[in-house]
Amino acid sequence: MILIPLMLVIVIFSAGCLETSFGVVEYSYPLLNIEITNSGEETDAYVQVTVFDLADFRQIEIGKYVEDIHLKTGSNMVSVPVKLKKGDYKLYIYLIENNERKVAEIRDIGVE
């Protein structure tokens, strides 16, 4: 009986939290292109990407990259200058607005 009210509270508090999300993430030398969908109002924010090289069964941080952006309502494409060699990488991608992390995702990419 207590499970239904608890689930309702969770749904109410999480409503509207997913105004922004990451879409396709692709690398095209020398840019990491990140699609961001914003269903809220226009806003200024920044994207932070931490890149880890996955060579030799290890995960080694090779850099942090930050790009200031202006998000329009709808689909946005953000390009972050990053020089990557051929290989496999793990990306920690954050969208930060008003000094608060709004979205965070971990993505794996391969560069050929």
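Residues numbered from 1 in each chain as written. Predicted model: local features only at pLDDT ≥ 70, side-chain atom pairs only at ≥ 80, totals over all residues. Heavy atoms only, no water.

Peer 1: I'd like a rundown of the packing of aromatic side chains, residues and numbers included.
Peer 2: Under the counting rule described, the total for this entry stands at one aromatic pair. Seen in terms of ring centroids, Phe52 and Tyr92 are 5.2 Å apart; in terms of plane orientation they differ by 65°. Their pairing is edge-to-face. With Phe52 in strand 3 (residues 43–53) and Tyr92 in strand 6 (residues 87–97), the pair connects residues that are 40 residues apart, well separated along the chain. Among the residues examined, Phe52 registers a relative accessible area of 14% and is labelled buried. (Phe/Tyr/Trp six-rings, centres within 6.5 Å; stacked < 30°, edge-to-face > 60°. Helix = DSSP H or I, 4+ residues; strand = E, 2+ residues; numbered from the N terminus. Buried < 20%, exposed > 50% of the residue type's maximum accessible area, 1.4 Å probe, protein only.)

Peer 1: A description of unusual backbone geometry should follow, citing residues and the corresponding values.
Peer 2: Going from Tyr29 to Pro30, the amide bond is cis rather than trans, its omega being 0°. Relative to the assigned elements, Pro30 resides in the loop between strand 1 (20–28) and strand 2 (31–38). Here Asp56, not a glycine, exhibits a phi torsion of approximately 55°, which is positive. You can see Asp56 is positioned in the loop between strand 3 and strand 4 (60–71). A positive phi angle, close to 60°, is found at Phe57, a residue other than glycine. Take Phe57: it is sitting in the loop between strand 3 and strand 4.

Peer 1: Tell me about the sheet that holds strand 4, and please be specific about residues and values.
Peer 2: Taken in spatial order, the four strands of this open sheet run 4-3-6-7, and their pairing is antiparallel. Of all the strands in the sheet, just strand 4 and strand 7 (100–111) have a single pairing partner and so form its edges. Each strand of the sheet is rotated relative to its neighbour by a mean of 20°, with strand direction disregarded. Of the pairings in the sheet, the one linking strand 3 to strand 4 comprises 11 bridges and is antiparallel in character. Its bridge partner lying in strand 4, Asp53 is registered against Ile60. (Pairing = 2+ DSSP bridges. Axes fitted to C-alpha atoms, helices over the stretch in contact; angles between N-to-C directions.)

Peer 1: Describe the confidence of the model for the chain, naming the residues involved and giving the relevant values.
Peer 2: For the chain, the mean per-residue pLDDT works out to 88, and 84% of the residues sit at or above 70. Per-element averaging of pLDDT across the chain places helix 1 (residues 3–14) at the bottom with 45 and strand 2 at the top with 98. Ignoring residues within four places in sequence, the model shows residues 6–17, a span with pLDDT below 50, making zero contacts including any to other chains. (pLDDT = per-residue confidence, 0-100. Contact = heavy atoms within 4.5 Å.)

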